[in-house]
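Residues per chain, in single letters:
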Amino acid sequence: QVQLVESGGGLVQPGGSLRLSCAASGFTFGSYDITWLRQAPGKQRELVAGITSGGSTNYVDAVRGRFTISRDNAKNTVYLQMNSLKPEDTAVYYCYLNIQCVDYWGQGTQVTVSS
């Protein structure tokens, strides 16, 4: 079955960096677009960045220039490199994909940016 497992979250000071990973299994990884979303306390889940099967990327304005999404098809993994982190980046980060109109989510990884 399809599985997405996020890792790499943690507590970091403002200005610091983290790299999140999303390890995928149960489907032909290289054929699908993958998206990172986040949900802060009391807020709706929002798109952060996406990467297509062909490697094209897109970002929400709030993270463009600070975050980089990438994928390693040999490892069935998508990464989110997060630099210059701000307190407003604090959230649970999820990876997501849709296969034939079915949504799949990981369990999420907590990112906390605080001094």
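### Quick word on the overall build of the protein
- A tally of regular secondary structure across the protein gives 0 helices and 11 strands.
- Counted from the first residue to the last, the protein has its helices and strands arranged as β-β-β-β-β-β-β-β-β-β-β.
- A compact globule built from 115 residues would reach a C-alpha radius of gyration of about 13 Å, and the protein, at 13 Å, matches this within 12%.
- Its C-alpha atoms give the protein principal-axis dimensions of about 40 × 25 × 20 Å.
- Contacts in the protein between residues at least 24 apart in sequence constitute 53% of all its contacts with a sequence separation of at least 6.
- Approximately 6,000 Å² of the protein is accessible, and the part contributed by carbon and sulfur atoms is 46%.

### A word on the sheet that holds strand β1 (residues 3-7)
- A sheet is described by the order of its strands in space; here 4 strands give the open sequence β1-β3-β8-β7, paired in antiparallel fashion. Both outer strands of the open sheet, β1 and β7 (67-72), are each paired with one neighbouring strand and no more. Within the sheet, the average angular offset between the axes of one strand and its neighbour, ignoring direction, is 15 degrees.

### Quick notes on the nonpolar core
- Ranked by size, the top nonpolar core spans 30 residues in total, and within it Phe27, Trp36, Leu80, Met82 and Tyr93 carry the most contacts.
- Looking at this core, the elements that each hand over two or more residues are β3 (18-25), β4 (34-39), β5 (46-51), β7, β8 (77-82), β9 (91-99) and β11 (109-113).
- Considering each element in turn, this core owes the most residues, 5 residues, to β9.
- Residues in contact with Leu80, not counting those within four places in the same chain, are Leu18, Arg19, Leu20, Trp36, Val48, Ala49, Phe67, Thr68, Ile69 and Tyr93.

### Focus on the pattern of salt bridges
- Per the counting criterion, the structure on display carries 4 salt bridges.
- Residue Arg38 is joined to Asp89 by a salt bridge in which the shortest nitrogen-to-oxygen separation is 2.9 Å. Of this pair, Arg38 sits in strand β4 while Asp89 is found in the loop between β8 and β9, placing the two residues 51 residues apart along the sequence.
- A relative accessible area of 6% means that Arg38 is categorised as buried.
- What you see here is one network of salt bridges that share partners, running through Arg38, Glu46, Arg66 and Asp89.

Procedures and definitions
- The written sequence of each chain sets the order in which its residues are numbered from 1.
- The predicted nature of this model means local features are confined to residues of pLDDT at least 70 and side-chain atom pairs, given and counted, to a pLDDT of 80 or more, with totals for whole chains, interfaces and linings taken over all residues.
- Hydrogens and water molecules were not included; the side-chain quantities draw on all heavy atoms of the structure.
- Secondary structure elements follow DSSP: runs of H or I no shorter than four residues count as helices, runs of E no shorter than two count as strands, and numbering proceeds from the N terminus.
- Note on method: radius of gyration uses C-alpha positions; expected globular size equals 2.2 Å times residues raised to 0.38.
- By definition in these notes, contact holds between two residues if any of their heavy atoms fall within 4.5 Å.
- Calculation of accessible area relied on Shrake-Rupley with a 1.4 Å probe; when residues are assessed, cover is drawn exclusively from the protein chains displayed.
- Strand pairing is defined by DSSP finding a minimum of two bridges between the two strands.
- Whenever a helix is involved, its axis is fitted only over the stretch in contact; in every case the axis is a line through C-alpha atoms, and angles between N-to-C directions fall within 0 to 180 degrees.
- Each nonpolar core is a collection of buried residues, namely Ala, Val, Leu, Ile, Met, Phe, Trp, Tyr and Cys, held together in the definition by side-chain atoms within 4.5 Å.
- Three exposure classes are used, based on accessible area relative to the maximum for each residue type with a 1.4 Å probe and protein chains only: buried under 20%, partly exposed in between, and exposed over 50%.
- Each salt bridge in this description consists of a side-chain nitrogen of Lys or Arg and a carboxyl oxygen of Asp or Glu lying within 4 Å of one another.

Any functional reading would require information beyond the geometric quantities listed.
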